[in-house]
Amino acid sequence: QVQLVESGGGSVQAGGSLRLSCAVSGYTYSMGWFRQAPGKEREGIAAIFTGSGASYYHDSVKDRFTISRDNAKNTLYLQMNSLKPEDTAEYYCAAGRLFTTVPPLEKRFYNYWGQGTQVTVSS
């Protein structure tokens, strides 16, 4: 079993920062952060392999967001800096258990999802 619970969302002014957390129970091979704006498809923005720590980013957030994990605390993080209004979305953490060497920034790599946390960035 894998269970995920996100926290840390909220409202912030453009240029501000937020840190999202995801409490994890159960074994995971890879983890990621996705976001979904109203009327749009859920997109992968950051991913990490639980064991190696190798991380990957969508170009739109590459120089502003950082994904990390603390395996001892069973927690995944997303540090978001220099936030922009276009970052406004519902953010989800996700976990997968299938082996892959391809950067897991697509939904097909994940089987477990958190409930989501809202991030709103005002201009």
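Located above this text is the structure these notes cover.
The rules we used
Residues numbered from 1 in each chain as written. Predicted model: local features only at pLDDT ≥ 70, side-chain atom pairs only at ≥ 80, totals over all residues. Heavy atoms only, no water. Disulfide = S-S within 2.5 Å. Helix = DSSP H or I, 4+ residues; strand = E, 2+ residues; numbered from the N terminus. Buried < 20%, exposed > 50% of the residue type's maximum accessible area, 1.4 Å probe, protein only. Pairing = 2+ DSSP bridges.

A. Here's a closer look at the state of the cysteines. Summed over all chains, the structure comprises one disulfide. For Cys22, the disulfide goes to Cys93, at an S-S distance of 2.2 Å. One quick way to see it: the torsion about the S-S bond of Cys22 and Cys93 is about 55°, and its sign makes the bridge right-handed. Residue Cys22 is found in strand β3 (residues 18-25), and its partner Cys93 is found in strand β9 (residues 89-96); the two are separated by 71 residues along the sequence.

B. Just the pairing of strand β5 (residues 43-49), in detail. Where burial is concerned, most of β5 is hidden: six out of the seven residues are buried. Alignment of strand β4 (residues 30-36) against β5, held across six bridges, turns out to be antiparallel. Pairing of Ser30 across the sheet is with Phe49, part of β5. Linking two consecutive strands that pair antiparallel, namely β4 and β5, is a turn of six residues; a positive phi of about 75° is found at Gly39 within it. The sheet contact formed by β5 and strand β6 (residues 55-57) spans three bridges and is antiparallel. Each residue of the ladder has a partner; that of Ala47, found in β6, is Tyr56.

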